Structures are given as C-alpha cells and as structure tokens.
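Understanding the architecture of this molecule
So the chains spell out like this:
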Amino acid sequence: MKKENLPSKICLVCKRPFSWRKKWEKVWEEVKYCSEKCKRNKKG
C-alpha cells in the first residue's frame with residue numbers, strides 16, 4: 001500500500017490527523033491517540 005493511500009484518524013487529544021502504522025495493523029479500530037504522550041495526557 002502506498003503512503004498516500006493509508007487510512008488516517010484524528011487524535012482525540014491534540015486533534016491532529018495521524019496515519020495507519022504497521023504496529024497498529026491488528027488493532028487499528030481501537031487506536032484513538034497519535035502517540036503515547038497523547039494517551040497519557042487524556043482527560044479523565
């Protein structure tokens with residue numbers, strides 16, 4: 001798959017778009033944050 005064809009989502013914390021990564025291949029539906037930093041900084 002070409003880079004420009006990868007699916008993307010909007011991070012729930014920083015509101016920035018982020019693209020699919022190989023490490024998220026099996027859990028893409030559950031991914032909500034673009035990084036560990038955003039995951040740690042989520043509000044309650």
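The rules we used
- Residues numbered from 1 in each chain as written.
- Predicted model: local features only at pLDDT ≥ 70, side-chain atom pairs only at ≥ 80, totals over all residues.
- Heavy atoms only, no water.
- Helix = DSSP H or I, 4+ residues; strand = E, 2+ residues; numbered from the N terminus.
- Buried < 20%, exposed > 50% of the residue type's maximum accessible area, 1.4 Å probe, protein only.
- Disulfide = S-S within 2.5 Å.
- 1 Å grid on protein atoms, 1.4 Å probe; cavity = no way out; pocket = protein on both sides within 12 Å on 5 of 7 lines; lining within 4 Å.
- Points joined across faces, edges and corners; volume = space filled by probe spheres on them.
- Nonpolar A, V, L, I, M, F, W, Y, C, P; charged D, E, K, R; others polar.

Right, let's get into unusual backbone geometry. Positive phi values are uncommon outside glycine, yet Lys15 reaches one of about 65°. Residue position: Lys15 is located in the loop between strand E1 (8–10) and strand E2 (17–19). By relative accessible area, Lys15 is classed as exposed at 59%.

Turning to the state of the cysteines, a few remarks are in order. For the structure on display, the rule yields 0 disulfides. Left without a disulfide partner, Cys11 is nearest to the cysteine sulfur of Cys14, which lies 3.7 Å away. Judged by relative accessible area, Cys11 falls into the buried class, the value being 1%. For the unlinked cysteine Cys34, the closest cysteine sulfur is that of Cys38, found at 3.7 Å.

Attention now moves to the layout of surface pockets. Where empty space is left can be seen by rolling a probe of water-molecule size over the atoms. Quantified by volume, the largest pocket comes out at close to 260 Å³. Considering the residues around the largest pocket, the lining is formed by Arg21, Lys23, Trp24, Val27, Glu30, Val31, Lys32, Tyr33, Cys34, Ser35, Glu36 and Lys39. Of the residues that constitute the lining of the largest pocket, the class distribution is 5 nonpolar, 1 polar and 6 charged.

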